[in-house]
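Residues per chain are reported as follows:
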Amino acid sequence: MTIQRVGIIGAGQMGNGIAHVFALAGYEVLMNDINADALTAAVQRIDKNMDRQVSRDAISADAKDEALRLINTTTTLTDLGQTDLIIEAATERETIKSAIFEDLVPHLKPDTILTSNTSSISITRLAARTDRPEKFMGFHFMNPVPVMQLVELIRGIATDEPTFKACEDVVAHLGKTSTASEDFPAFIVNRILMPMINEAIYTLYEGVGSVKSIDTSLKLGANHPMGPLELADFIGLDTCLAIMNVLHDGLADTKYRPCPLLTKYVEAGWLGRKTKRGFYDYTTEVPTPTR
Ligand SMILES: CC(=O)CC(=O)SCCNC(=O)CCNC(=O)[C@H](O)C(C)(C)COP(=O)(O)OP(=O)(O)OC[C@H]1O[C@@H](n2cnc3c(N)ncnc32)[C@H](O)[C@@H]1OP(=O)(O)O
Ligand SMILES: NC(=O)C1=CN([C@@H]2O[C@H](COP(=O)(O)OP(=O)(O)OC[C@H]3O[C@@H](n4cnc5c(N)ncnc54)[C@H](OP(=O)(O)O)[C@@H]3O)[C@@H](O)[C@H]2O)C=CC1
């Protein structure tokens, strides 16, 4: 099938990045969020990120204008009924995602492909809540979407080959690279990355090192572009905790136990960059380590 109209659900940091790359590749984008302010902020963020690309000659000013023209927004989920491909990028909570798919399905065309950008949640279980598990799969972008090359594609147990191939072709059309993962908790990237981040938080919790020494160690000692605590703040500590819980519950192994300090930060509402406080304080011009 031809994919031209793409629906994106959730206009947070991932949703706006996904809308950005689809519009630049010439797809019509309809972005949905429960919060109208989130949609306004997402379009402003896309505008700003595209300006940066224009100023660095990565795209032309005309390409930016054309891409912005292709992006529309709505707070009404059922408006997404006529799209060819849906990418759900709402908050990492299974009850939220399941409710979205259940509300949406009766309004979809029969051949619309449904996907989730979930970082960790079972694709098979989400698919089972819809009328089309064979046309459902994981479409996992990395953050920041306009910069990161990878899209992880996840087959649920029922995903059929034409659906997988259609998504593979879309990733190629976006100019990105896909890898295939089977449907196990947190797939490939987060199965490996998130325990590393969680271990960095344990290293802080046990007093082995400060925020600065842990991040500097990994940046200069292992050539990571960001230290693990800086990266946790960038991803969102709520999302990191949700992923650790999916690993812990899904694999029933204590090695995935979320660090109690991570849990405490999330309970405090210290979610990282998005709330201006996490392992760093972002209210100062240069982020300040908090421990
Ligand atoms: C949790 C999950 O489910 C899965 C995940 O996503 S895990 C997270 C995966 N992501 C990572 O690991 C990111 C690690 N960090 C990095 O790679 C780098 O720090 C970074 C690319 C984010 C920034 O790199 P940097 O060298 O410090 O910054 P900078 O030189 O300013 O930017 C590099 C490029 O990224 C762009 N950029 C930076 N931040 C951006 C953002 N938030 N949105 C869009 N573009 C951005 C810049 O415009 C620049 O583009 P050009 O090369 O075209 O000029
Ligand atoms: N952060 C990251 O680095 C990555 C995240 N992901 C995954 O992408 C998804 C989104 O993450 P991210 O963008 O970081 O999260 P954000 O918290 O930045 O954004 C989530 C957005 O979804 C909205 N939302 C909540 N419920 C609904 C709903 N029922 N319908 C429509 N929108 C809703 C939220 O609104 P409100 O704020 O009002 O609740 C918010 O605007 C998650 O599944 C996450 O695991 C994947 C790769 C990387």
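Owing to the predicted nature of the structure, the values given are computational and were not obtained by experimental measurement.

Caption draft 1: Expanded view of the sheet that holds strand β8 (residues 177–182). Overall, mixed pairing links the 8 strands, which are arranged β3-β2-β1-β4-β5-β6-β7-β8 in an open sheet. The outermost strands of the open sheet, each flanked by one partner alone, are β3 (71–74) and β8. Strand-to-strand twist in this sheet, taken as the mean axis angle between neighbours without regard to direction, amounts to 25°. Sitting on the sheet, helix α4 (residues 94–104) touches β1 (5–9), β4 (85–88), β5 (113–116) and β6 (136–141), and the angle it makes with β5 is about 165°.

Caption draft 2: Representation of the site of ligand 2 within the structure. In the neighbourhood of ligand 2, 26 residues make up the surrounding shell, with D33, E92, K97, S119 and I235 lying closest. A distance of 2.8 Å separates an oxygen atom of ligand 2 from a polar atom in the side chain of D33. Take E92: an N or O atom from its side chain is 2.5 Å from an oxygen atom of ligand 2. Contact with the protein chains covers 82% of the free accessible surface of ligand 2, which is 890 Å². Every element with two or more residues in the shell around ligand 2 is listed here: α1 (13–24), α4 and β6. A per-element tally of the shell around ligand 2 places α4 first, with 3 residues.

Caption draft 3: How the structure looks around the pairing of β6. Among the 6 residues that make up β6, 6 are buried, leaving the element largely enclosed by the rest of the structure. Alternating residues of β6 divide into F136, G138 and H140 and M137, F139 and F141, and every residue in both groups is buried. Taken together, the 3 bridges between β5 and β6 define a ladder with parallel strand orientation. Across the sheet, the residue bridging to T115 is M137, located in β6. The parallel pair β5 and β6, bridged by helix α5 (residues 123–128), forms a crossover whose chirality is right-handed. Of the strand pairs in this sheet, β6 and strand β7 (residues 150–155) are connected by 5 bridges, and their pairing is antiparallel. Note that in β7 the partner of M137 across the bridge is R155.

Caption draft 4: Structural context of the side chain of R132. Checked against the element boundaries, R132 lands in the loop between α5 and β6. A distance of 3.1 Å separates a polar atom in the side chain of R132 from the backbone oxygen of T112. Once residues lying within four places of it in the same chain are set aside, the contact partners of R132 are V105, L108, K109, P110, D111, T112 and L114.

Caption draft 5: Layout of the packing of α1 against helix α2 (residues 36–55). Packing of α1 against α2 leaves a shortest axis separation of 9 Å and a crossing angle of 55°. Judged on the interaxial angle alone, α2 and α1 are oblique. Considering how the two elements wind past one another, α1 and α2 form a crossing that is right-handed. Residue-level inspection shows N16, A19, H20 and L24 of α1 in contact with α2, the latter providing A42, R45, I46, N49, M50 and Q53. For the contact of α1 with α2, a count of residues per class yields 5 nonpolar, 4 polar and 1 charged.

Caption draft 6: Local environment of the domain arrangement of the chain. Domain boundaries assigned for the chain yield domain 1 (5–182) and domain 2 (191–289). For domain 1 versus domain 2, the separation of C-alpha centres amounts to 26 Å. Of the residues lining the interface, 7 residues belong to domain 1; the matching set on domain 2 comes to 6 residues. Counting across the interface, domain 1 meets domain 2 through 0 salt bridges.

Caption draft 7: Representation of the site of ligand 1. In the neighbourhood of ligand 1, 17 residues make up the surrounding shell, with R56, S119, H140, N143 and N190 lying closest. Between ligand 1 and R56, the relevant distance is 2.8 Å, taken from an oxygen atom to a side-chain nitrogen or oxygen of the residue. Between ligand 1 and the protein, one listed contact pairs a nitrogen atom with a backbone N or O atom of N143 at 2.7 Å. Out of a free accessible area of 1,000 Å², ligand 1 has 66% covered by protein chains. Residue assignment for the shell around ligand 1 shows that the elements contributing at least two residues are α2, α7 (189–205) and α9 (228–235).

Caption draft 8: Here's a closer look at the pattern of salt bridges. As enumerated under the stated definition, the model contains 13 salt bridges in all. As a salt-bridge pair, E92 and K97 come within 3.8 Å of each other at their nearest N and O atoms. Accessibility assignment for this pair places E92 and K97 in one class, buried. The partner of E102 in a salt bridge is R129, and the shortest N-O contact between them spans 2.8 Å.

Caption draft 9: Quick peek at the environment of V211. Structurally, V211 can be placed in helix α8 (residues 211–222). When the C-alpha positions of V211 and Y280 are compared, they lie 8.2 Å apart, and in sequence the two are 69 residues distant.

Cut-offs used in this document
- Residues numbered from 1 in each chain as written.
- Chains lettered and ligands numbered in written order.
- Predicted model: local features only at pLDDT ≥ 70, side-chain atom pairs only at ≥ 80, totals over all residues.
- Heavy atoms only, no water.
- Pairing = 2+ DSSP bridges.
- Helix = DSSP H or I, 4+ residues; strand = E, 2+ residues; numbered from the N terminus.
- Axes fitted to C-alpha atoms, helices over the stretch in contact; angles between N-to-C directions.
- Contact = heavy atoms within 4.5 Å.
- Near = heavy atom within 4 Å.
- Polar contact = N/O pair within 3.5 Å; in protein donor to acceptor, adjacent residues only side chain to side chain.
- Areas by Shrake-Rupley, 256 points an atom, 1.4 Å probe, with all protein chains shown as cover.
- Buried < 20%, exposed > 50% of the residue type's maximum accessible area, 1.4 Å probe, protein only.
- Right-handed = clockwise from strand over helix to strand, strands pointing away.
- Parallel < 35°, antiparallel > 145°, perpendicular 65-115°, else oblique.
- Left-handed = near helix turned anticlockwise from the far one by under 90°.
- Nonpolar A, V, L, I, M, F, W, Y, C, P; charged D, E, K, R; others polar.
- Domains from an automatic or database assignment.
- Salt bridge = Lys/Arg side-chain N within 4 Å of Asp/Glu carboxyl O.

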